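# Commentary on secondary and tertiary structure
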Amino acid sequence: MQYDPGSFEAKWQDRWEQDKTFYAVEDESRPKFANIQMYPYPSGVLHMGHLRNYTYVDVMTRFKRMQGFNVLAPMGWDSFGLPAENAAIAAGVHPREFIESQIAQMKVQLRRLGAVYDWSRELASHEPAYYRWDQWLFLQLWERGLAYKANAPVNWCPKDQTVLANEQVVEGLCERCGTAVEKRDLDQWFFKITEYADRLLPDDSQLEEWPPRVRVMQQNWIGRSQGVTFGMEISGRQEVFDVFTTRPDTTFGMTFAVLAPEHPLVETLLAGSDLEEAGRAFVTEVRQESDIDRLATDRPKKGFFLGVKAINPINGTEVPLYMADYVLMGYGTGAIMAVPGQDQRDWDFAVAHDIEIIRTVQPPDDFEGEAYTGDGVIINSDWLDGLDKDAGIAQSIEWFEGQEIGKGDVKYRLRDWLISRQRYWGAPIPMISCPECGLVPVPETELPVLHPDVEDYQPKGRSPLAAVEDFVNVGCPSCGGPAKRETDTMDTFVDSSWYFLRYSDPHNEDAIFDPEKVKYWMPVDLYVGGVEHAVLHLLYARFIVKVLADMGLVEFSEPFLRMFTQGMITKDGAKMSKSKGNVVSPDPLYDFYGADAVRLYELFIGPATDDAVWTDRGVEGTSRFLKKVWRLGTEVETVDRDAADGDRAVIAKAHRTLRKVGSDIERFHFNTAVAALMELNNALADYVRSDDGARNETFDEAYGMLLKMLAPMAPHMSHELWEMRGGEILADESWPDWDPDLVVEESVTMVVQISGKVRARLEVATGISEDEAIALALGNERIVGLLDGLEPKRVIARPPKLVNIVM
RNA sequence: GGGCGAGUGGCGGAAUUGGUAGACGCGCAGGAUUCAGGAUCCUGUGAGCAUUACGCUCGUGGGGGUUCAAGUCCCCCCUCGCCCACCA
């Protein structure tokens, strides 16, 4: 009987859905397993790059369920936000219409893959029933002082016509469209993620099942630096400014100080001075530089002498005060003490402006021409002389604190999360601006603030919602007077920072979720998605969950226990994507090979963490494998006879395969799991062909195990075969346990080496002793011949694997 | 500039704690079946030398080292990928 996946795949897809096989309800009798993938934005047509991800998650859903877990396998849609809106605009369709048809399309495609979900928990972030709770969450942050509006220099994407969060600017370019980002001073809404900076530092004890790479990326992004902040006076004036340094041990080497051009003191110092005009021109010049230019490290450092001297508090020396483009207002205090002897940037500046350089750490011999940043003995530093770096830092901090000039301090690279967007397709920010009362939150009872339908949703630099008069004009909730709504919408990353919690209780109309249901299902046991979200979504979600934990709504502070980031599928040297024109659609492959062969190749293509190159031939290989399995299951004639050695061997092979496949799936080593199943299938085929023929019980047992192991990976075929062979629903079978007695090999090949080179291979019993192994090796005919009567210097035995005779 | 990861046949890739390098698959070659093609099955397939001996030599980016034994551990170098980067 021929393998014809087209004849049964749709049948099983219907069955799983109609029987609600993978729908989940709370059940205290079983351990839960929340198996969640990053919800996709509705891009419409899926290609093999997307399907890799869905296949992995589906395998885990099916595998964990067979293992007895109460598996939560939900799906939702990141349907608000820039990606969805831009795609809609490109398609020339209203975003709502666009994403709803895309969602419908994607559901069909997921179904054809055989991916199973609990569709009763489906959610989409553009639905009022969902974004209502975005708005509620915003109000909670507002109440806690974690949401605020401020005028600040922000990133503006001229193409997308909106501001962006720091995390959404990659090397000075818009993360979405690649346009160079500009700086603008604007009133914008922020979430105070910096208040959680320390708690967001990856804690190895809680994130131990995260890819180390992602932890490092978050750590870099948060950028914690420990040091000292101290005040500096300006000679002959009243003003004082703070500087932050991580190297207080080098303070004696300060030969100048620098303010960021945006530093408020700059204007104070310039006002009315001879330098006023030239100084302002310098500030303007620096501010006009793009981020890309300003971030380039290899260009000369621009500076401007402010005409005054600052006083180094550690020795009373007066040093010239500059402003320079290499000092950033957004980090630390926006002002630095410059120590060219130990800092390369300061060195470059000092050389360019002919400023004295004093080394305060003894560099190694013949080290010259650059700053020495390494450790060494402190010199030219009065009472710090002779100490090393760490002791110098400790003693100088003590001195600063003792003199009450400065104190130990910690600074972060992380900035607050800019969450307002001047775009149409997002959740309205539930705030009202009243001329009398100022910023007033929309009362919770009036949520959701409905997102109005408009004709003209094109981005034009201010929110399209601002043009909707009956949306904008409202009564102030506080005084009743005329007031205006906030018209900016929320960053889509707000939507995605908590949606996984909502899966626990997706239809709740009275609360963001029932804490009891979240307590049962959450945190997420396995979270699967792309590494591109390492410092975006994954950081934001961790932040929001910590806020919810502080509110007492959840009992955990980390949302994702285990994180898996899959590699990309590439073709013709590039990531598979519509814009690159190198997508491979699954549909023709489903038609020709069936979904199972496609799934299996996605699993077999290479290590799940690595990028992999797509080749159509690969599906041919997994398809052949499935045909062989099919033929074994449908054409083999078994015989009734007594068990023999071959029977035990084939059962043992099945148990060893079971042990390997189980642990491989657990570790996302799908490629080797598939290889192990191929080996088992080959072993079964050999067994069937053997002289004795296949014995009924043996074949049924081993083949049944093969089908169960295939059930998560090639579900359609394995279910069909299981049913044909008289079984019920294969998904409801439990994952078998491997038998420790059976997985032990009875005999193994032992190699005999002479001086490390393999000279003989012997079959030996697994339990062979060291003495027996040596005796056997030395007695071997070939070995005897090669030794030619010479005495071995040493014999090393590692039974049962190896004996090495050292000559 | 700093940090992290990787480099294995023609190709994708295997290889707990150092212990048979190349599992599994693709491709390729030969054979069987077939009118033919396709499909399927069998055999072979790291390189070189041999083929009297399934025997020898070399072989996991390059060089050195530790060890009875190194893809695996240590040092230096090369190449590629990723992250951060005028963050004080």
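For clarity, every value in this text was computed on a predicted model and none was experimentally measured.

Looking only at helices and strands, chain A features 27 helices and 32 strands. The principal-axis extents of the C-alpha atoms in chain A amount to approximately 105 × 85 × 50 Å. Put simply, chain A has 807 residues, and 54% of those count as buried. The contacts in chain A between residues at least 6 apart in sequence include a share of 72% that link residues at least 24 apart.

We now examine helix H17 (residues 537–550). Helix length check: H17, at 14 residues, gives a terminal C-alpha distance of 20 Å against a target of 20 Å (1.5 Å per residue), a fit within 8%. With 12 of 14 residues buried, H17 lies mostly within the body of the structure. The complete set of buried residues in H17 reads His537, Leu538, Leu539, Tyr540, Ala541, Arg542, Phe543, Ile544, Val545, Lys546, Val547 and Leu548.

Looking now at the packing of helix H19 (residues 595–604) against helix H22 (residues 670–689). One way to put it is that H19 packs onto H22 with a least axis distance of 7 Å and a crossing angle of 120°. The angle between H19 and H22 places the two elements in the oblique class. Here Leu600, Leu603 and Phe604 of H19 lie close against H22, whose contacting residues are Phe670, Asn671, Val674, Ala675 and Met678. Considering only residue class, the contact of H19 with H22 consists of seven nonpolar, one polar and no charged.

What follows is about the sheet that holds strand E31 (residues 794–798). Pairing is mixed across the open sheet formed by four strands, whose spatial order is E30-E29-E32-E31. The sheet terminates laterally at strand E30 (757–765) and E31, the two strands that pair on one side only. With strand direction ignored, the average angle separating the axes of adjacent strands in the sheet is 15°. By the bridge criterion, eight bridges tie strand E29 (residues 747–754) to E30 in an arrangement that is antiparallel. Bridging across to E30, Val752 finds its partner in Ala760. In the packing of helix H26 (residues 770–779) onto the sheet, the strands contacted are E29, E30, E31 and strand E32 (802–806), and the crossing angle to E32 comes to about 60°.

In the structure shown here, the tally under the stated rule is 44 salt bridges. Taking the shortest distance from any N to any O, the salt bridge between Arg224 and Asp198 comes out at 3.1 Å. With a gap of 26 residues between them, Arg224 in strand E10 (residues 224–234) and Asp198 in helix H6 (residues 197–200) connect regions that are remote in the sequence. In this structure Arg224 comes out as partly exposed when scored by relative accessible area, which is 36%. When the shortest N-O distance is used, the salt bridge between Arg280 and Glu267 registers 2.4 Å. With Arg280 in helix H9 (residues 276–288) and Glu267 in helix H8 (residues 264–270), the pair connects residues that are 13 residues apart, well separated along the chain. Owing to a relative accessible area of 39%, Glu267 belongs among the partly exposed residues under this scheme. Through salt bridges with shared partners, one network takes in Lys11, Arg15, Glu720 and Glu723.

A separate point is unusual backbone geometry. Across the chain, the bulk of peptide bonds are trans and the bulk of non-glycine residues have phi less than zero. Looking along the chain, the bond that leaves Leu447 and enters Pro448 is cis, with omega of 0°. Tracing the chain through its elements places Pro448 in the loop between strand E20 (438–441) and helix H13 (469–472). Here the residue pair Met522 and Pro523 is connected by a cis peptide bond, since its omega of 0° sits within 30 degrees of zero. Tracing the chain through its elements places Pro523 in the loop between helix H16 (515–521) and strand E24 (526–529).

To continue, consider the nonpolar core. Core analysis: the largest hydrophobic core is formed by 183 residues, its most contacted members being Trp417, Phe500 and Met522. Look past the residues within four positions of Phe500 in its chain and what remains in contact with it is Ile36, Met522, Val524, His537, Ala541, Val545, Pro559 and Phe560. Among the nonpolar cores identified, the runner-up in size contains 33 residues, and Phe252, Val283, Val308 and Leu384 belong to it.

Take helix H2 (residues 48–66) next. The first and last C-alpha atoms of H2 sit 26 Å apart over 19 residues, in line with the 27 Å expected at 1.5 Å per residue. By the criterion of burial, H2 is predominantly enclosed, with 17 of the 19 residues buried. Phi turns positive, to about 100°, at Gly68, one or two residues after H2.

Before going further, it helps to examine the side chain of Gln37. The topology assignment puts Gln37 in strand E1 (residues 32–37). A polar atom in the side chain of Gln37 sits 3.2 Å from the side chain of Tyr117. Excluding its chain neighbours within four sequence positions, the residues that come into contact with Gln37 are Asn53, Tyr54, Val57, Met75, Tyr117, Tyr499, Tyr527 and Val528.

Among the secondary structure elements, Leu387 is positioned in the loop between helix H11 (344–352) and helix H12 (389–402). Separated by 11 residues in sequence, Leu387 and Gly376 place their C-alpha atoms 8.2 Å apart. Beyond its immediate sequence surroundings of up to four residues, Leu387 is in contact with Gly376, Val377, Ile378, Gly392 and Gln395.

On to the packing of helix H20 (residues 616–635) against helix H24 (residues 715–724), then. It is at 11 Å that the axes of H20 and H24 come closest, and there the two elements cross at 5°. The pairing of H20 with H24 is recorded here as roughly parallel in orientation. Contacts from Leu626, Val629, Trp630, Gly633 and Thr634 in H20 reach Met717, Glu720, Leu721 and Met724 in H24. When grouped by side-chain class, the residues that make up the contact of H20 with H24 number six nonpolar, two polar and one charged.

Turning next to the environment of Gln37. The exposure class of Gln37 is buried, given its relative accessible area of 3%. In this structure, the C-alpha to C-alpha distance between Gln37 and Asp732, residues 695 residues apart in sequence, is 23 Å.

All right, on to the confidence of the model for chain A then. Here chain A averages 91 in pLDDT, and 99% of its residues register 70 or above. Overall fold confidence for the complex sits at a pTM of 0.93, while the interface term, ipTM, reaches 0.93.

Within this structure, the stated rule accounts for 47 aromatic pairs. Taking the centre distance of 5.4 Å and the plane angle of 40° together, the rings of Phe80 and Tyr131 count as tilted. Taken together, the residues Phe80 in the loop between strand E3 (76–77) and helix H3 (82–91) and Tyr131 in helix H5 (residues 128–143) connect sequence positions 51 residues apart. With relative accessibility at 1%, the residue Phe80 sits in the buried group. Taken together through their ring pairs, the aromatic side chains of Phe138, Trp142, Trp189, Phe191, Tyr196, Trp417, Phe493, Tyr540 and Phe543 make up a single cluster.

This brings us to a positive patch on the surface. Together, Arg617, Arg624, Lys627, Lys628 and Arg631 make up a positively charged patch on the protein surface. Note on placement: Lys628 falls in helix H20. Overall, Lys628 belongs to the partly exposed group, its relative accessible area being 41%.

Calculation notes
- Residue positions within a chain follow its written sequence, with the count starting from 1.
- Lettering for chains starts from A, numbering for ligands starts from 1, and both go in the order in which the items are written.
- Thresholds applied to this predicted model are a pLDDT of at least 70 for local features of residues and 80 or more for the giving and counting of side-chain atom pairs; totals over whole chains, interfaces and linings are not thresholded and use all residues.
- Hydrogens and water are ignored here; the side-chain numbers use all heavy atoms of the structure.
- Each helix corresponds to a stretch of at least 4 residues labelled H or I by DSSP, and each strand to a stretch of at least 2 residues labelled E; elements are numbered beginning at the N terminus.
- Relative accessibility decides the category of a residue: with a 1.4 Å probe and only protein chains considered, values under 20% of the type maximum give buried, values over 50% give exposed, and everything between is partly exposed.
- Any pair of residues with heavy atoms lying within 4.5 Å of one another is described as a contacting pair.
- Expected helix span is taken as 1.5 Å per residue step, with the number of steps being one fewer than the number of residues.
- Think of each axis as a best-fit line through the C-alpha atoms, taken over the contacting stretch in the case of a helix, with angles from 0 to 180 degrees between the N-to-C directions.
- For classification purposes, angles smaller than 35 degrees are called roughly parallel, those larger than 145 roughly antiparallel, those between 65 and 115 roughly perpendicular, and all remaining angles oblique.
- Any residue outside Ala, Val, Leu, Ile, Met, Phe, Trp, Tyr, Cys, Pro, Asp, Glu, Lys and Arg is labelled polar, Gly included; the first ten of those are nonpolar and the last four are charged.
- By definition, two strands form a pair when at least two bridges between them are found by DSSP.
- Salt bridges are identified by distance alone: a Lys or Arg side-chain nitrogen within 4 Å of an Asp or Glu carboxyl oxygen.
- What we call a nonpolar core is a set of buried Ala, Val, Leu, Ile, Met, Phe, Trp, Tyr and Cys residues that are connected through their side-chain atoms within 4.5 Å.
- A 3.5 Å cut-off defines polar contacts: any pair of N or O atoms within that distance qualifies, except that in protein one atom must be a possible hydrogen donor and the other a possible acceptor, and neighbouring residues in sequence count only when both atoms are side-chain atoms.
- Here pLDDT means the predictor's own confidence in every residue, given as a number from 0 to 100.
- Pairs were defined over the aromatic rings of Phe, Tyr and Trp, the Trp ring being its six-membered one, requiring ring centres within 6.5 Å. Orientation was assigned from the angle between planes: stacked under 30 degrees, edge-to-face over 60, tilted for the rest.
- In this scheme, patches are assembled from residues that exceed 30% relative accessible area and form no salt bridge. Like charges are connected within 9 Å, while nonpolar side chains (Val, Leu, Ile, Met, Phe, Trp, Tyr) are connected within 5 Å.
- Here the accessible surface of atoms and residues is derived via Shrake-Rupley with a 1.4 Å probe, and residues count as covered only by protein chains that are part of the display.
- Positive charges are assigned to Lys and Arg, negative charges to Asp and Glu, while His and the chain termini are left out of the count.
- Where a charge lies is defined by one atom per residue type, namely NZ (Lys), CZ (Arg), CG (Asp) and CD (Glu).

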